[in-house]
Amino acid sequence: MKYLAFAGSPNQLIGIKEFLYKNDIKNYEIYLQLSKHKRVNIQLEKTAKILKLNNIKRIKRNKITIIRAIETIIFLLKILIKYKKKDLTFIISNFLDTFFHLLRTLFNYSKFILIDDGFATFWIYKKYLYKKK
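Residues numbered from 1 in each chain as written. Predicted model: local features only at pLDDT ≥ 70, side-chain atom pairs only at ≥ 80, totals over all residues. Heavy atoms only, no water.

Enquirer: Break down the packing of helix 3 (residues 65-82) against helix 4 (residues 98-106) for me, citing the residues and quoting the values.
Expert: Pairs of packed helices are described in terms of their axes, by the angle between the two and the distance that separates them. Packing of helix 3 against helix 4 brings their axes to within 11 Å, and their N-to-C directions diverge by 35 degrees. Classified by chirality, the crossing of helix 4 by helix 3 is right-handed. Along its contact with helix 3, which presents Thr-72, Phe-75, Leu-76 and Leu-80, the element helix 4 presents Phe-99, Leu-102, Leu-103 and Leu-106. When the residues that make up the contact of helix 3 with helix 4 are grouped by side-chain class, the tally is 7 nonpolar, 1 polar and no charged. (Axes fitted to C-alpha atoms, helices over the stretch in contact; angles between N-to-C directions. Helix = DSSP H or I, 4+ residues; strand = E, 2+ residues; numbered from the N terminus. Left-handed = near helix turned anticlockwise from the far one by under 90°. Contact = heavy atoms within 4.5 Å. Nonpolar A, V, L, I, M, F, W, Y, C, P; charged D, E, K, R; others polar.)

Right, dumping it as structure tokens:
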């Protein structure tokens, strides 16, 4: 089984590291969702280095909305083609992100694990998960 993890903040990276370590997972890739803010990206890179995480890939998002949307579709198609017939588990970090919902739609046969930093957990549960959305 292959694990694909996505992180956009140092806290999310820490959660991913804890999950990988606790479950002794060696077959993984982590996609850093780079920010438009240079400081956040520096923090992501330093956190990945301190945590000694390997197999890091970067997703840079364009500032222009239409270009960002096209890049997202291209990225999703690449993932779909590359892992079409693989046994995958996705480790996602933000339940409200449209990208992750698109990913869930394309890989509806895969497992998804939410690694949340806790800031919106209760609100998301009450608004969405409790109501089976």
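The rest of the description comes next.
Enquirer: An account of the sheet that holds strand 4 (residues 88-92) is requested, with residue identities and associated values reported.
Expert: Here we have 5 strands laid out as an open sheet, ordered 3-2-1-4-5, and parallel in their pairing. With one partner strand each, in any of the chains shown, strand 3 (56-59) and strand 5 (111-114) form the two edges of the open sheet. Across the sheet, the axes of successive neighbouring strands diverge by a mean angle of 20 degrees, strand direction being ignored. Relative to the sheet, helix 3 contacts strand 1 (2-7), strand 2 (28-33) and strand 3, its axis offset from that of strand 2 by approximately 180 degrees. (Pairing = 2+ DSSP bridges.)

Enquirer: I'd like a description of the environment of Arg-61, backed by residues and values.
Expert: Turning to its location among the elements, Arg-61 is positioned in the loop between strand 3 and helix 3. Residues Arg-61 and Lys-36 lie 25 residues apart in sequence; the distance between their C-alpha atoms is 7.5 Å. In this view, Arg-61 contacts Gln-33, Leu-34, Arg-68, Glu-71, Asp-97 and Phe-99; residues no more than four positions away in its chain are not counted.

Enquirer: Provide a residue-level description of helix 1 (residues 10-22), including the pertinent values.
Expert: The terminal C-alpha atoms of helix 1, which comprises 13 residues, lie 18 Å apart, in line with the 18 Å expected from a rise of 1.5 Å per residue. All of the buried residues along helix 1 are Pro-10, Gln-12, Leu-13, Gly-15, Ile-16, Phe-19 and Leu-20. Its buried side turned inward, helix 1 meets strand 1, strand 2, helix 2 (38-50), strand 4 and strand 5. Among the residues trailing helix 1, Asp-24 stands out with phi positive, at a value near 50 degrees. (Expected span 1.5 Å × (residues − 1). Buried < 20%, exposed > 50% of the residue type's maximum accessible area, 1.4 Å probe, protein only.)

Enquirer: Describe the nonpolar core, naming the residues involved and giving the relevant values.
Expert: Core analysis: the biggest nonpolar cluster contains 19 residues, and Leu-13, Leu-20, Ile-30, Leu-32, Leu-53 and Ile-91 have the highest contact counts within it. Taken together, the elements giving at least two residues each to this core come down to strand 1, helix 1, strand 2 and helix 2. Per element, the largest residue contribution to this core is 4 residues, and it comes from helix 1. For Leu-32, the contacting residues outside a window of four places in its chain are Ala-7, Leu-13, Leu-44, Glu-45, Ile-56, Lys-57, Arg-58 and Ile-59. With 15 residues, the next largest nonpolar core counts Tyr-31, Phe-75, Ile-79 and Phe-99 among its residues. (Core = buried A, V, L, I, M, F, W, Y, C linked by side-chain atoms within 4.5 Å.)

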